[in-house]
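Next come the chains, spelled out residue by residue.
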Amino acid sequence: MDFSIDTIRAAAQRLEGKVRRTPLLSSPMLDELTGATVLVKAEALQLTGSFKIRGALNTLLSLSDEERVAGVLAFSTGNHGQAVAASARMTGSTATIVMPQDAPRIKVDGCRWWGAEVVFYDPATQDREEVGRELVAERGLTLVHPYDDVRVMSGQGTVGLEIVDQLGEGGHSPDAIVLPCSGGGLSSGTIEAVRHSLPGVTPFVVERAGYPKMARSLASGQVAKVPAVPVFLDAIGSPTVGQHTLAALSRHPVEALEVTDDQARVAMREAVRTLKLVVEPGGSAALAAVLAHPERFAGQTVVVVASGGNVDASVLAEVLATAA
């Protein structure tokens, strides 16, 4: 199956009534702070607390009855795991989630709440894909990849379909769209959907400072890898990008930005202050980029995707208590 606007529209039909149409938020305070008109797609308010349910549920709904009965597996820092666990429960399947042993507690607890079995691995000494594929072979499970799967990418692309509709409803003409980027599932799907209807929009992906794997991949045309290390921005901490996601993003004039942990902390605080929205570190990356690079967006209408809100209470408290 080739990834396209048609596969995204088909995903939207499968997901209709099963996921939330998340709001596109704005704040005069945020506009003044950035010098731009900023519209924030609040996927932190999505079922399971992130956009990931879209791709996971689209995939589970695309499986055969036999595959669902046998069960599914995902490897994840947490958001994809929760989404697969929830999707399994919603479709009568079972889920095994392979997670790093230092994954945020809120994400581990979320996977278990939805009924999944959690299997931990050590990211310093083990490769999560190898651990996952061994379990798939041993147990006869179906792997639900976190990003490099057309079904997952198409589900994530429904974020973009909603954005296009909401921009039209609000009478907005956007200049740019900015997305956090880990493996590329959200960015590839959303950019494909948005630019199909709004080809003049400039797309940006945002990565961890010093670890620009998608930027390197786009520049070389080959999948790049970075070290798998524990990171504050865990939601965009994948050590590599996907073949399918790279191919999809290569169709568009994607620009890449980087943000630091401290810039993400500022964005988390501003999301709470200006929008009353809780956003996790990695989920704040796109907003952090707009705040950190105002010269790139001054005077423009910018769509920012706040991709998730699953942050441990202790981390959020620490971030909010720290002066900007």
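Residues numbered from 1 in each chain as written. Predicted model: local features only at pLDDT ≥ 70, side-chain atom pairs only at ≥ 80, totals over all residues. Heavy atoms only, no water.

A. Structural context of the overall build of the chain. For the chain, the helix and strand inventory stands at 15 helices and ten strands. Taking 324 residues into account, the globule formula puts the C-alpha radius of gyration at 20 Å, and the chain, at 18 Å, falls close to it. Dimensions of the chain, computed from C-alpha atoms along their principal axes, come out at roughly 55 × 45 × 40 Å. In the chain, which comprises 324 residues, the share counted as buried stands at 59%. By sequence separation, contacts in the chain at least 24 residues apart represent 73% of the contacts at least 6 residues apart. Of the roughly 12,500 Å² of accessible surface on the chain, a fraction of 50% belongs to carbon and sulfur atoms. Treating the 28 positive side-chain charges of the chain as one cloud and the 36 negative ones as another, the clouds have centres 2 Å apart. (Helix = DSSP H or I, 4+ residues; strand = E, 2+ residues; numbered from the N terminus. Rg over C-alpha atoms; globule rule 2.2 N^0.38 Å. Buried < 20%, exposed > 50% of the residue type's maximum accessible area, 1.4 Å probe, protein only. Contact = heavy atoms within 4.5 Å. Areas by Shrake-Rupley, 256 points an atom, 1.4 Å probe, with all protein chains shown as cover. Lys, Arg positive; Asp, Glu negative; His and termini not counted. Charge placed at Lys NZ, Arg CZ, Asp CG, Glu CD.)

B. Geometry of the nonpolar core. In this structure, V40, V178, L277, F297, V302 and V304 are the most contacted members of the largest nonpolar core, which totals 36 residues. Of all elements in the fold, only β2 (37–42), β7 (176–180), β8 (202–208), β9 (255–259), α12 (261–275), α13 (285–292), β10 (301–306) and α15 (313–321) reach the threshold of two or more residues within this core. In terms of residue count, the dominant contributor to this core is α13 (seven residues). V72, A85, V144 and V152 belong to the second-largest nonpolar core, a separate cluster that totals 26 residues. (Core = buried A, V, L, I, M, F, W, Y, C linked by side-chain atoms within 4.5 Å.)

C. Looking closely at the sheet that holds β2. If you walk across this open sheet you meet the six strands as β1-β2-β10-β7-β8-β9, and the pairing is mixed. Looking along the sheet, the strands with just one partner apiece sit at the ends: β1 (24–25) and β9. Seen against the sheet, helix α9 (residues 185–197) touches β7, β8 and β10 and runs at an angle of roughly 165 degrees to β7. (Pairing = 2+ DSSP bridges. Axes fitted to C-alpha atoms, helices over the stretch in contact; angles between N-to-C directions.)

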